[in-house]
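Secondary and tertiary structure notes
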Amino acid sequence: MSETTARPRPDVGRYVSDAWRERHFAACDAVHALGAPAVAEQDVETSFGTTHVYRYGPVDPSGADRTPVVLVHGAGSCAAMWYPNTPDLSADRPVYALDTPGDPGRSVQREAIHQPERAARWLDEALDGLGLDRVHLVGSSYGGWLALNQAHLAPGRLASVTLLDPGGLEKVGLRFFVWIFVSLFATLAPKRLRPRLAAWLAQPVLVVPELRSMAWTSARAYRIRRPSPLPLSDAELSTIRTPLYLVLGKRSLILHPQRQLERVPRLIPGARAEIIGDTGHGPQIDHAQEVNGRMLAFMESVD
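Residues numbered from 1 in each chain as written. Predicted model: local features only at pLDDT ≥ 70, side-chain atom pairs only at ≥ 80, totals over all residues. Heavy atoms only, no water.

**So, the overall build of the protein**
- In terms of helices and strands, the protein carries eleven helices and eleven strands.
- Across the protein, the fraction of contacts at a sequence separation of at least 24, relative to all contacts at a separation of at least 6, is 75%.
- Entry remark: accessible area of the protein is about 13000 Å², with carbon and sulfur atoms responsible for 55%. (Helix = DSSP H or I, 4+ residues; strand = E, 2+ residues; numbered from the N terminus. Contact = heavy atoms within 4.5 Å. Areas by Shrake-Rupley, 256 points an atom, 1.4 Å probe, with all protein chains shown as cover.)

Here you go:
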């Protein structure tokens, strides 16, 4: 019995059909093709299912032994979303991009991982399966919560953590879900209107045809079955000792940038926090070259 015909579990994500899964994979492949070519793909078995991983670089062979970067994408997406970042990040160090189980990628979820302890265990098992003992962990949106949660509960493999407009710092409010809904609806707008809508919504998906297709097939093909994660408390954040870099979009709708610009460095010793202007929830897409450079400089300082 295939994963799409088995009786669905209420806490495990799934594709609605094999046909829609393959259609979505084709859309993801088109987005992957916009970035650096993966040098390898592999599946890593964990207690929670199979995690699909893409490996990139390094372009410079002398960087093979440098601390690798591990990328964790946002909710409703997959590793393809890192296409603007993989060329720069993998130039002189290895990069691994994970398809998070429970989201519409090539991973296969079998057990729930939305609870903080389970999420930390899944990621630690995935890193162990890749043979990675020390990594620079980068997370966007929901992936930011996963990275922040890892720094709190299981930091042993982490050289640093970079959070890109992350979840986990504030409760996700109605305005964010309205933005998601309006953005998805805007993908159906006439082509001539999309640039204006993209600027108004701070939503690059609307002006990159491959991203637009991937976002649409994601919403149609996959059923995410997890609640929004709860934010970490001040007490929980204050336990973190991993070097941390927080990048916020000035127009973010998932959190209040100025509030977190003050809060995070106050609670986490040595943490850096910066706001990127003229962007919302995707600073690493809207300003890829700038954010790539800042992330690499931070990782260099840690190394």
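**With respect to helix α7 (residues 209–221)**
- Look at α7: 18 Å from first C-alpha to last across 13 residues, which is about the 18 Å you get at 1.5 Å a residue.
- For α7, every residue scored as buried is listed here: L211, M214, T217, S218 and A221. Down the axis of α7, the smallest arc covering the buried residues is 135 degrees, so these residues share one side. (Expected span 1.5 Å × (residues − 1). Buried < 20%, exposed > 50% of the residue type's maximum accessible area, 1.4 Å probe, protein only. Arc of directions from axis to C-beta.)

**Description of the pairing of strand β10 (residues 244–249)**
- Counting buried positions over the six residues of β10 gives six, a clear majority of the element.
- Side-chain alternation along β10 places L244, L246 and L248 on one buried face and Y245, V247 and G249 on a second face that is also buried.
- Here strand β8 (residues 158–164) pairs with β10 via four bridges, running parallel. Within β10, the residue paired with V161 across the bridge is L244. (Pairing = 2+ DSSP bridges.)

**Details of the packing of aromatic side chains**
- Per the counting criterion, the structure on display carries four aromatic pairs.
- Taken together, a centroid distance of 4.7 Å and an interplanar angle of 75 degrees make the contact between Y15 and Y222 edge-to-face. Linking Y15 in strand β1 (residues 14–15) with Y222 in strand β9 (residues 222–223), this pair joins segments that are 207 residues apart in sequence. Like Y15, the residue Y222 is buried in the burial classification.
- An aromatic cluster is defined as three or more aromatic residues linked by ring pairs; in this entry it consists of Y15, F25 and Y222.
- The ring of F25 has R106 lying over it, and the distance from NZ or CZ to the ring centre is 4.3 Å.
- Positioned over the ring face of Y142 is R226, at 3.8 Å from the centre of the ring. (Phe/Tyr/Trp six-rings, centres within 6.5 Å; stacked < 30°, edge-to-face > 60°. Lys NZ or Arg CZ within 6 Å of the ring centre and 35° of its normal.)

**Here's the deal with the pattern of salt bridges**
- Overall, the coordinates contain 21 salt bridges when judged by the stated rule.
- Residue D303 pairs with R66 through a salt bridge whose shortest N-O separation is 3.9 Å. Of this pair, D303 sits in the segment after α11 (288–302) while R66 sits in the loop between β3 (49–56) and β4 (69–72), and the two are 237 residues apart along the sequence.
- Using a relative accessible area of 23% as the deciding quantity, one classes R66 as partly exposed.
- Notably, a salt bridge pairs R294 with E274, separated by 2.7 Å at the nearest N-O pair. With R294 in helix α11 and E274 in strand β11 (residues 272–276), this residue pair connects regions lying 20 residues apart in the sequence.
- Here R294 falls in the partly exposed class, since its relative accessible area comes to 30%.
- Sharing partners across several salt bridges, the network here consists of R66, D92, R93, E300 and D303. (Salt bridge = Lys/Arg side-chain N within 4 Å of Asp/Glu carboxyl O.)

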